[in-house]
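Structural description and commentary
What follows is the residue order along each chain.
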Amino acid sequence: MKLEGGKIPANQLVFLIIGFIYGTVVIINPGRAAGNDAWLAFIVSMLVGLCFAAIYVILAQRFQTKNLLEINDLVFGPYLGKLISLVYLWYFFHLGAIVLRNFGDFLAGIIFPETPISVFLITMVLICASAVRNGIEVIGRTSIILTIITTIILVLTSLLSIPLMDFNNLLPILQTTKLKEFLTTVLISATFPFGETVVFLMIFSTVNNPKKLKLTTLIAFLFGGGLLLIQAIRNIAVLGTLMDIYTYPSYTAVRAVNIFEVITRIEILVVINFLTMGFIKVTVLYYAVSLGTAQLLKLKSYLPVVLPIGILMICLSLLQFESSFENSYFTYTIYPFYALPFQIFLPLLTLLVAIIRGKKGVPG
Amino acid sequence: MIIVGYIFALIGIILFEIPTLILNKSWWEMAVFLGLTGFAFLLGLLMILQVNIPNPVYLINKTVEYFFDLVPI
């Protein structure tokens, strides 16, 4: 039984992964612990992330037409497989709720302080629900337009920030940061955003040319990582050591741009980036949860579960943190360790068990 | 007022989804939809009424912090 009949070409997958990687990192800085070495930590974490991605791609290519839930059923059997699938679905659902909350915290805390956070969450979920109901092909096509716009905005804001940049802020390299802080940053950045691409195990099966998965993922990781690197260098060069004290450094860095008193207050461009990339990230996670739930409950279509899951996602995102500080504590301290089993241990275990048991997907 | 709006939203969602399910005679899909929507509605209602609901993230925090204590990093 196939719930999703849509297929996406490899180039759309590239944009989808780039948008997903860039998603929340547009405003939140996972490299804050490493201070001025954050850019270096990003490069290392991208390499670690590529190792994670290699496991996902090998797994996806081994079971070409199967998604994560079908792979679990094949490898672990129907009962244990379903239990593991349920755990994954929780993770995707929770991650969606966290991204949604980051989105709400940013808009309600910085841009519209008088508006209740629930307004932003409901609006975002309604838009994402519409995309999810339209299927993976629509999500893929949307991602091309949005990712291109985001890239242009990032390059533009970085170029306009050049007069404010002091590249001495990038120095000294690896002298002020302790090894522990550096490794912590690498772990945080590897799990958030690179490791989160584990959700694409639900989407790889819809790519019309699975042989291109390796190249596609590599290009997407390098490009997405490149965008993060540009952003990190811009933020460090503009804000220097102050970067660590801001919750949203990109927003603060771009806010300072002032070209002859003519081009000012362009921080709204960062907000546009966050809206578009946040949309892609929430949509991909929302789609994975909806599709997975329908598959687990043996439904004929995933459409009936889309809206209820959206309501539950809003409820969880409101319930989980009492303030943005709690959100920050969870993101930087708890999340990397919470996410590791889903991002590396379980996929690695699945791959090892599949190899040992000689399980393979039948192409078709 | 919020509760009235919330109930109207729920009715809107049901009216949006149910006719197609009935026309297609998708009874299992309808049962799942009503079950999930009912649960989501109840959760949302309790949150609007500011009833204390157990927070799953609290459990996650405690579990990870427990491992931090076991393995000092």
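Higher on the page you've got the structure.
Residues numbered from 1 in each chain as written. Chains lettered and ligands numbered in written order. Predicted model: local features only at pLDDT ≥ 70, side-chain atom pairs only at ≥ 80, totals over all residues. Heavy atoms only, no water.

Points about the overall build of chain A
Looking only at helices and strands, one finds twelve helices and two strands in chain A. Helices and strands in chain A line up, N terminus first, as α-α-α-α-α-α-α-α-α-β-β-α-α-α. Principal axes of the C-alpha set define a box for chain A whose edges measure 60 × 45 × 35 Å. Per-residue burial for chain A yields a buried fraction of 62% across its 364 residues. (Helix = DSSP H or I, 4+ residues; strand = E, 2+ residues; numbered from the N terminus. Buried < 20%, exposed > 50% of the residue type's maximum accessible area, 1.4 Å probe, protein only.)

What about the pattern of salt bridges?
Residues and elements named next belong to chain A. Per the counting criterion, the structure on display carries seven salt bridges over all chains. For Asp73, the salt bridge identified is with Lys82, shortest N-O distance 3.1 Å. By relative accessible area, Lys82 is classed as partly exposed at 25%. (Salt bridge = Lys/Arg side-chain N within 4 Å of Asp/Glu carboxyl O.)

As for the environment of Thr142 of chain A
Residues and elements named next belong to chain A. Of note, Thr142 is situated in helix H6 (residues 136–160). Along the primary structure Thr142 and Gln61 are separated by 81 residues, whereas in three dimensions their C-alpha atoms are 25 Å apart. Reaching out from Thr142, the side chain makes a polar contact with the backbone oxygen of Val138 at a distance of 2.5 Å. (Polar contact = N/O pair within 3.5 Å; in protein donor to acceptor, adjacent residues only side chain to side chain.)

Topic: the nonpolar core
As a rule of thumb, nonpolar side chains are buried together in soluble globular proteins. Residue and element names in this part refer to chain A. Ranked by internal contacts, the top residues of the largest apolar core, which has 160 residues, are Phe92, Phe200 and Phe204. The dominant element in this core, judged by the number of residues it contributes, is helix H10 (residues 268–296), at 17 residues. Ignoring sequence-local partners within four residues, the contact set of Phe204 consists of Leu13, Ile17, Tyr56, Val57, Ala60, Leu213 and Thr217. (Core = buried A, V, L, I, M, F, W, Y, C linked by side-chain atoms within 4.5 Å. Contact = heavy atoms within 4.5 Å.)

Focus: the interface of chain A and chain B
In this complex, chain A contributes 28 residues to the contact, which on the side of chain B involves 30 residues. Taken together, the two surfaces of chain A and chain B that pack against each other cover about 2400 Å², and 78% of this comes from carbon and sulfur. At the surface where chain A touches chain B, the tally comes to one salt bridge. Here Arg133 of chain A and Glu17 of chain B are joined by a salt bridge, their closest N and O atoms 2.9 Å apart. Taken together, chain A and chain B are joined by six residue pairs in polar contact (both at pLDDT 80 or more). When contributions to the side of chain A that touches chain B are tallied by element, the ones reaching two or more residues are helix H4 (78–111), helix H11 (303–320) and helix H12 (324–357) of chain A. Per element, the largest residue contribution to the side of chain A that touches chain B is twelve residues, and it comes from H11 of chain A. Across the side of chain A that touches chain B, the residue classes tally to 20 nonpolar, four polar and four charged. (Buried area = accessible area lost by both parts, 1.4 Å probe. Nonpolar A, V, L, I, M, F, W, Y, C, P; charged D, E, K, R; others polar.)

Structural notes on the side chain of Thr37 of chain B
Along the polypeptide, Thr37 of chain B turns up in helix H2 (residues 27–48). Assessed through its relative accessible area of 3%, Thr37 of chain B is described here as buried. At 2.6 Å, the side chain of Thr37 of chain B forms a polar contact with the backbone oxygen of Phe33 of chain B. Discounting residues that sit within four places of it in the chain, Thr37 of chain B has contacts with Pro308 of chain A together with Leu10 of chain B.

With respect to unusual backbone geometry
Note: most residues except glycine have negative phi, and most peptide bonds are trans. Residues and elements named next belong to chain A. The amide bond that connects Phe192 to the next residue, Pro193, takes the cis arrangement and shows omega of 25°. Relative to the helices and strands, Pro193 resides in the loop between helix H7 (179–191) and helix H8 (213–239). For Phe260, which is not a glycine, the phi torsion comes out positive at approximately 50°. By secondary structure assignment, the location of Phe260 is in the loop between strand S1 (258–259) and strand S2 (263–264). Using a relative accessible area of 75% as the deciding quantity, one classes Phe260 as exposed. Its identity as a non-glycine residue notwithstanding, Lys298 has a phi of 55°, on the positive side. On the secondary structure map, Lys298 appears in the loop between H10 and H11.

Considerations on H2 of chain B
All names here are of chain B. Along its 22 residues, H2 runs 31 Å from first to last C-alpha, staying within 8% of the 32 Å computed at 1.5 Å per residue. When we look at burial in H2, the residues that qualify are Glu29, Met30, Val32, Phe33, Leu36, Thr37, Ala40, Phe41, Leu43, Gly44 and Leu45. Two residues or fewer after H2 comes Gln50, characterised by a positive phi angle close to 60°. (Expected span 1.5 Å × (residues − 1).)

Re the packing of helix H1 (residues 10–22) of chain A against H6 of chain A
Residue and element names in this part refer to chain A. Put simply, H1 and H6 touch, their axes get as near as 8 Å, and they point 60° apart. Classified by the angle between their axes, H1 and H6 sit oblique to one another. Seen along the crossing, H1 lies across H6 with a hand that is left-handed. Taking contact as the criterion, the partners of Gln12, Phe15, Leu16, Ile18, Gly19 and Tyr22 in H1 are, on H6, Ile136, Glu137, Ile139, Gly140, Arg141, Ser143, Ile144, Thr147, Ile148, Thr150 and Leu154. When its residues are assigned to classes, the contact of H1 with H6 shows nine nonpolar, six polar and two charged. (Axes fitted to C-alpha atoms, helices over the stretch in contact; angles between N-to-C directions. Parallel < 35°, antiparallel > 145°, perpendicular 65-115°, else oblique. Left-handed = near helix turned anticlockwise from the far one by under 90°.)

Examining a nonpolar patch on the surface
All names here are of chain B. Residues Ile3, Val4, Ile7, Phe8, Ile11, Leu15, Leu42, Leu46, Leu49 and Val51 make up a contiguous nonpolar surface patch of about 870 Å² in total accessible area. Every element with two or more residues in the nonpolar patch is listed here: helix H1 (2–23) and H2. With six residues, H1 is the largest single contributor of residues to the nonpolar patch. By relative accessible area, which is 39% here, Val51 ends up partly exposed. (Patch = residues over 30% accessible without salt bridge, like charges linked within 9 Å, V, L, I, M, F, W, Y side chains within 5 Å. Areas by Shrake-Rupley, 256 points an atom, 1.4 Å probe, with all protein chains shown as cover.)

Quick word on the packing of H4 of chain A against H12 of chain A
All names here are of chain A. Closest axis-to-axis distance for the H4/H12 pair is 11 Å, and the angle between their directions is 150°. Compared by their axis directions, H4 and H12 come out roughly antiparallel. Every pair of crossing elements has a handedness; the one defined by H4 and H12 is left-handed. Residues Ile84, Val87, Tyr88, Trp90, Tyr91, His94, Leu95, Ile98, Arg101, Asn102 and Asp105 of H4 pack against Ser324, Asn327, Phe330, Tyr335, Tyr338, Ala339, Phe342, Gln343, Leu346 and Pro347 of H12.

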